[in-house]
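Listed below are the residues making up each chain.
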Amino acid sequence: MSNELQKLPASNLPTTTVNQTGEKNIHISHAENVSQTVNMLIWQQSPDGGRTKVNQTFNFDYYNLFVIGCETFERDHFLVPKDRALTKGNLPDDLFKKYASLSDEAKEEIKKFPAIFASKNHHYYGRAGKDQLAIYGFITDIKVQDNGVKIYFYPLNHIPQQKLNDLAFELGIRGTTAFNELNRTHWLIKRINLIEVLKEAGISVLAPI
């Protein structure tokens with residue numbers, strides 16, 4: 001008998017069955033990690049019981065921050081006013097030049113960044129509403145329209161918004177004592193590893209790192 005390791009044929013590899021109930025379930029069946037870029041195979045379950053396979057690529061070096069008025073994010077899309085989307089002066093010059101044009105190439109890169117989708121804080125002084133929730137997820141499509149930028153998205157987890165206020169410094173959410181970025185409608189890209197910050201704060205979200 002040879003002492004060398006033998007490669008097991010793919011047909012003999014063990015399989016795992018995952019049973020999920022409820023609507024909009026997500027199952028990751030495969031992930032490949034290359035530096036901060038991760039390819040995730042996600043099964044999305046729709047209300048009619050069907051499942052759609054999505055091969056989503058994430059780059060965790062950046063994240064999208066959306067803060068949209070009183071938006072409830074009950075639909076799969078929302079609108080960002082053009083004068084609040086990736087604006088010069090609020091976005092570092094290099095990121096503005098690379099992404100603010102929303103060219104096809106820029107859109108594809110932006111969709112790789114995980115995202116926080118939030119409504120404006122219900123209060124000032126870094127305070128969200130008692131039951132106010134933000135959403136962690138990813139962008140599925142970006143459409144520039146006459147009346148704004150339409151963002152299509154898919155939610156992965158809900159996060160109590162107050163926890164984001166508490167992590168304002170770590171998440172790069174700028175502001176004053178009374179008024180921070182979660183108090184105004186806008187969309188920016190942050191050069192921060194969102195998953196790492198959330199993980200260190202004990203907040204669990206769907207991600208393979």
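Residues numbered from 1 in each chain as written. Predicted model: local features only at pLDDT ≥ 70, side-chain atom pairs only at ≥ 80, totals over all residues. Heavy atoms only, no water.

**Some details on the pairing of strand E7 (residues 133-145)**
Now for step 1: Across 3 bridges, strand E6 (residues 115-118) lies against E7 in antiparallel orientation. Residue pairing across strands places Ala115 opposite Gly137, the latter belonging to E7.
Now for step 2: Relative to strand E8 (residues 148-160), E7 runs antiparallel, the two being bridged by 12 bridges. Within E8, the residue paired with Gly137 across the bridge is Pro155.
Now for step 3: Counting the residues between successive antiparallel strands, the hairpin from E7 to E8 contains 2 residues. (Pairing = 2+ DSSP bridges. Helix = DSSP H or I, 4+ residues; strand = E, 2+ residues; numbered from the N terminus.)

**Quick word on the confidence of the model for the chain**
Now for step 1: Across the chain, the average pLDDT comes to 83, with 74% of residues at 70 or higher.
Now for step 2: In this model residues 10-35 is a low-confidence stretch, pLDDT under 50, and it forms 41 contacts with partners more than four residues away in sequence or in other chains. (pLDDT = per-residue confidence, 0-100. Contact = heavy atoms within 4.5 Å.)

**A few points about the side chain of Lys111**
Now for step 1: If you trace the backbone, Lys111 turns up in the loop between helix H2 (104-110) and E6.
Now for step 2: Looking at Lys111, its side chain comes within polar contact range of the side chain of Glu108, at 3.0 Å. (Polar contact = N/O pair within 3.5 Å; in protein donor to acceptor, adjacent residues only side chain to side chain.)

**Topic: the pairing of strand E9 (residues 186-190)**
Now for step 1: The element E9 is extensively covered by neighbouring structure, given that 5 of its 5 residues are classed as buried.
Now for step 2: Burial of the side chains of E9 extends over both faces: His186, Leu188 and Lys190 are buried on one face and Trp187 and Ile189 on the other. (Buried < 20%, exposed > 50% of the residue type's maximum accessible area, 1.4 Å probe, protein only.)

**Things to note about the side chain of Ser119**
Now for step 1: Here Ser119 lies in the loop between E6 and E7.
Now for step 2: For Ser119, a relative accessible area of 9% gives the class buried.
Now for step 3: Only 3.1 Å separates the side chain of Ser119 from the side chain of Gln132, close enough to count as a polar contact.
Now for step 4: Look past the residues within four positions of Ser119 in its chain and what remains in contact with it is Val67, Ile68, Gly69, Cys70, Glu71, Phe73, Gln132, Gln161 and Leu182.

**Focus: the sheet that holds E6**
Now for step 1: Taken in spatial order, the 6 strands make up an open sheet running E5-E8-E7-E6-E4-E9, and their pairing is mixed. Only two strands of the sheet have a single neighbouring strand rather than two, namely strand E5 (77-80) and E9. Sheet twist, expressed as the average angle between the axes of neighbouring strands with direction ignored, equals 35°. (Axes fitted to C-alpha atoms, helices over the stretch in contact; angles between N-to-C directions.)

**Focus on the pattern of salt bridges**
Now for step 1: Inspection of the entire model under this criterion finds 5 salt bridges.
Now for step 2: The salt bridge partner of Lys112 is Glu109, with a shortest N-O separation of 3.3 Å.
Now for step 3: By relative accessible area, Lys112 is classed as partly exposed at 27%.
Now for step 4: A network of salt bridges, in which partner residues are shared, links Arg174, Glu181 and Lys190. (Salt bridge = Lys/Arg side-chain N within 4 Å of Asp/Glu carboxyl O.)

**Re the packing of aromatic side chains**
Now for step 1: Under the counting rule described, the total for this entry stands at 15 aromatic pairs.
Now for step 2: Plain terms: the ring middles of Phe73 and Phe117 are 6.2 Å apart, the flat faces sit at 55° to each other, and that makes the pair tilted. With Phe73 in the loop between strand E4 (63-67) and E5 and Phe117 in strand E6, this pair connects stretches of sequence that are 44 residues apart. Accessibility assignment for this pair places Phe73 and Phe117 in one class, buried. (Phe/Tyr/Trp six-rings, centres within 6.5 Å; stacked < 30°, edge-to-face > 60°.)

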